[in-house]
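# Fold and geometry: a report
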Amino acid sequence: MAPPNGAVAADDAPPPAAVNGDASAAAPPRVGPHPGFISSSNQYSAEIKLRRMLKDNGCDPAREDTYRLQGVQLIDNVREHLLLPVRTFDTACTYFHKFRLNFRDSEYNYQDAALASLFVACKVEDTIKKSKDILAAAYNVKNPDKPAAPDDKIFESPGKVIIGLERLILETIGFDFRTRYPQKLLVKVVRSILGRSAAGSRAFFATAYAMCIDLYKTFVPVKRTTLSMVMAVVELTARARGAGANNLGNGENDLVDRVRRFAARRRQYDRDAVVETMLDLLDLYVQHHKATKVGALFDLNTFIDIKIRLNTDLDATASPRYLFHCSRCEVADPNPLTPIAPGASPTTTAAAAMAAGAWPPDAAIRRTARGQDGTMRFVFDPEAADKEQAKAGEFFKDEYEDYEVEVEEPVAPPPPDRGDHRRGGGPYGGYRGDGRHHRGRGRYH
């Protein structure tokens with residue numbers, strides 16, 4: 001039915017631009033939703049990147065070592081009290097290290113972070129424990145004379161803290177629950193090198209197993225693969241046990257040669273990575289001798305001698321102490337993890353960080369992007385994440401063109417000549433027209 005009084009129907013009404021006769025008054029194109037932010041997990045990190053992240057967090061090196069050792073020891077004590085398998089310990093320590101690398105020490109308590117990491121690891125490894133069970137175990141380990149039940153009211157508030165830290169740990173690891181368990185491979189490697197019925201193989205494995213637990217008191221699980229960790233532990237155990245009298249009755253050269261012959265048949269073996277892992281373990285045993293399990297089995301001079309020999313081999317081959325080392329990045333000024341301004345894209349922030357000499361820029365983006373308007377999504381495949389960002393960036397890229405225009409500006413004419421030359425001193429009548437004030441002698445002075 002036609003509208004009354006000859007009115008135009010809503011569907012037939014012309015657009016506003018046609019009514020006004022101005023085509024440029026058309027509505028601007030609609031901008032789609034924010035593409036969001038993509039976070040991809042990183043299984044391995046170089047030593048220089050770990051140092052930069054700790055430096056950006058403002059961590060004191062001495063305090064950082066103390067918190068790391070005490071946190072891992074707390075996880076180990078609670079794990080043994082709850083009779084949890086060693087794979088839960090490996091996963092909890094890995095999450096604990098990654099969490100501390102992304103957050104400042106002033107933002108949390110390291111004991112809460114350690115217990116929260118164990119709480120998440122229990123879920124990942126299918127050894128589920130409640131948060132109050134973990135808190136009660138930690139309390140009973142510290143206070144064996146006054147044990148407390150998990151349903152005690154003193155665990156109400158700490159339980160909420162643990163659950164709150166659980167979300168931050170999941171975001172830190174990027175919901176990528178893959179971890180490495182060197183103990184399982186260690187059994188196979190020791191059997192392949194020493195055999196099942198070799199004399200003293202059980203004592204050798206006990207030392208290597210304890211050293212594998214001490215390995216998680218360093219950042220090695222965040223840097224190295226499973227084979228590199230296992231081969232470093234086996235070779236370092238052979239060097240330590242072969243330095244003096246041992247149950248195998250062999251010298252150091254015999255044990256080390258057997259380990260190297262086994263490693264020569266492995267294509268994945270990387271000598272530089274193994275040497276770096278052994279030196280990291282030796283730094284732990286030399287600097288914190290009493291805070292380790294293997295430190296009580298050997299003399300301190302034994303580890304110092306092994307460390308000197310490894311450093312001599314590095315000097316002879318001119319090999320670096322750390323892989324992928326960058327001296328410029330190590331001495332650069334710290335880049336505090338400041339929040340990203342609203343409306344600033346991650347690409348712009350990364351470019352600004354690179355221009356300022358900060359490295360790596362992704363730490364600040366990953367650290368604070370979750371508080372912005374865009375949705376944070378976690379992608380396991382880094383290549384898929386790069387392709388998606390490149391595809392979405394085409395629709396949100398602003399292009400500008402620069403033009404150089406030459407404009408001729410008229411030159412102002414010179415000021416007119418006022419012409420009072422009777423008193424001299426210039427075209428403006430001497431001192432009377434120069435804007436200065438003079439005090440002279442008049443006719444009455």
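Check the entry above for the structure.
Residues numbered from 1 in each chain as written. Predicted model: local features only at pLDDT ≥ 70, side-chain atom pairs only at ≥ 80, totals over all residues. Heavy atoms only, no water.

### Here's the deal with a nonpolar patch on the surface
The test is simple: Like charges within 9 Å and nonpolar side chains (Val, Leu, Ile, Met, Phe, Trp, Tyr) within 5 Å are joined into patches, using only residues over 30% in relative accessible area that form no salt bridge. Computed with the Shrake-Rupley method and a 1.4 Å probe, the accessible areas treat only the protein chains shown as cover for residues. Salt bridges are identified by distance alone: a Lys or Arg side-chain nitrogen within 4 Å of an Asp or Glu carboxyl oxygen. Think of it this way: any DSSP run of H or I at least four residues long counts as a helix, any run of E at least two long counts as a strand, and we number them from the N terminus.
Side chains of Phe-175, Phe-177 and Phe-380 sit close together on the surface and give an oily, nonpolar patch of about 280 Å² of accessible area. Secondary-structure assignment places Phe-177 in the loop between helix 7 (156-172) and helix 8 (182-194).

### With respect to a negative patch on the surface
As a reminder of what qualifies: The positive count covers Lys and Arg only, the negative count covers Asp and Glu only, and His and the chain ends enter neither. Note on charges: their place is set at NZ of Lys, CZ of Arg, CG of Asp or CD of Glu. Partly exposed describes any residue whose relative accessible area lies between the buried limit of under 20% and the exposed limit of over 50%, with all areas from a 1.4 Å probe on protein chains only and scaled to the type maximum.
Side chains of Asp-398, Glu-399, Glu-401, Asp-402, Glu-404, Glu-406 and Glu-408 sit close together on the surface and give a patch of like negative charge. Of note, Asp-402 is situated in the segment after helix 18 (382-393). With a relative accessible area of 78%, Asp-402 lands in the exposed category.

### Points about the packing of helix 3 (residues 61-81) against helix 5 (residues 110-124)
As a reminder, the rule being used: Every angle, taken between N-to-C directions, lies between 0 and 180 degrees, and every axis is a line fitted to C-alpha atoms, over only the stretch in contact when it is a helix. Here is the rule for angles: anything less than 35 degrees is roughly parallel, anything more than 145 is roughly antiparallel, 65 through 115 is roughly perpendicular, and the remaining ranges are oblique. Note on convention: near helix rotated counterclockwise from far helix by under a right angle means a left-handed crossing. Clockwise means right-handed. Residues count as neighbours in contact if any of their non-hydrogen atoms are within 4.5 Å of one another. Amino acid classes used here: Ala, Val, Leu, Ile, Met, Phe, Trp, Tyr, Cys and Pro are nonpolar; Asp, Glu, Lys and Arg are charged; the rest, including Gly, are polar.
In the contact formed by helix 3 and helix 5, the axes pass within 9 Å of each other and the chain directions differ by 40 degrees. In terms of orientation, helix 3 lies oblique with respect to helix 5. For the element pair helix 3 and helix 5, the recorded crossing hand is right-handed. On helix 5, the residues touching Tyr-67, Gln-70, Gly-71, Leu-74, Ile-75 and Val-78 of helix 3 are Tyr-110, Gln-111, Ala-114, Leu-115 and Leu-118. Among the residues forming the contact of helix 3 with helix 5, the class breakdown is 8 nonpolar, 3 polar and no charged.

### Some points on the side chain of Arg-224
Defined as follows: In protein, a polar contact means a hydrogen-donor-capable atom and an acceptor-capable atom, both N or O and within 3.5 Å, with residues adjacent in sequence counting only if both atoms are side-chain atoms; elsewhere, any N or O pair within 3.5 Å suffices.
Position of Arg-224 among the secondary structure elements: in the loop between helix 10 (220-223) and helix 11 (226-242). Overall, the relative accessible area of 11% leaves Arg-224 in the buried class. A polar side-chain atom of Arg-224 sits 3.3 Å from a polar atom in the side chain of Glu-276. Those residues in contact with Arg-224 that lie beyond four places of it in its chain are Tyr-44, Arg-180, Met-229, Ala-273, Glu-276, Thr-277 and Leu-323.

### As for the side chain of Ser-131
When you line up the elements, Ser-131 lands in helix 6 (residues 131-142). For Ser-131, a relative accessible area of 12% corresponds to the buried category. Setting aside its immediate chain neighbours within four residues, Ser-131 contacts Phe-119, Gly-159, Ile-162 and Ile-163.

### Side note on helix 3
Inclusion rule: Residue count minus one, scaled by 1.5 Å, sets the expected span of a helix.
Here helix 3 spans 30 Å end to end across 21 residues, near enough to the 30 Å set by a 1.5 Å rise per residue. Within helix 3, the full set of buried residues consists of Glu-64, Arg-68, Leu-69, Gly-71, Val-72, Leu-74, Ile-75, Asp-76, Val-78 and Arg-79. Here the buried face of helix 3 lies against helix 2 (47-56), helix 4 (86-102), helix 5, helix 6, helix 9 (201-214) and helix 13 (271-287). Once helix 3 finishes, Leu-83 follows within two positions and takes phi at roughly 60 degrees, a positive value.

### What to know about the packing of aromatic side chains
Cut-off, in case you're wondering: Here is the rule: rings of Phe, Tyr and Trp (six-membered ring for Trp) pair when centre to centre is within 6.5 Å. Planes less than 30 degrees apart are stacked, more than 60 are edge-to-face, and the remainder are tilted.
Per the stated rule, a full pass over the model turns up 9 aromatic pairs. For the ring pair Tyr-67 and Tyr-110, a centre distance of 4.8 Å and an interplane angle of 10 degrees mean the geometry is stacked. With Tyr-67 in helix 3 and Tyr-110 in helix 5, this pair connects stretches of sequence that are 43 residues apart. Judged by its relative accessible area of 14%, Tyr-110 falls in the buried class.

### Thoughts on the pattern of salt bridges
A full pass over the atoms with the stated rule returns 25 salt bridges. Between Asp-214 and Lys-217 there is a salt bridge, with the nearest N and O atoms lying 3.9 Å from each other. Here Asp-214 matches Lys-217 in class, with each residue buried. Three or more residues are tied together by salt bridges with common partners; here these are Glu-47, Arg-51, Lys-223, Arg-224, Glu-276, Asp-280, Asp-283, Lys-307 and Arg-321.

### A word on unusual backbone geometry
Even without glycine at this site, Asp-126 takes up a positive phi of about 60 degrees. With respect to the element layout, Asp-126 can be found in the loop between helix 5 and helix 6. Using a relative accessible area of 63% as the deciding quantity, one classes Asp-126 as exposed. Unusually for a residue other than glycine, Ala-318 sits at a positive phi of about 55 degrees. Within the secondary structure layout, Ala-318 lies in the loop between helix 14 (300-317) and helix 15 (327-330).

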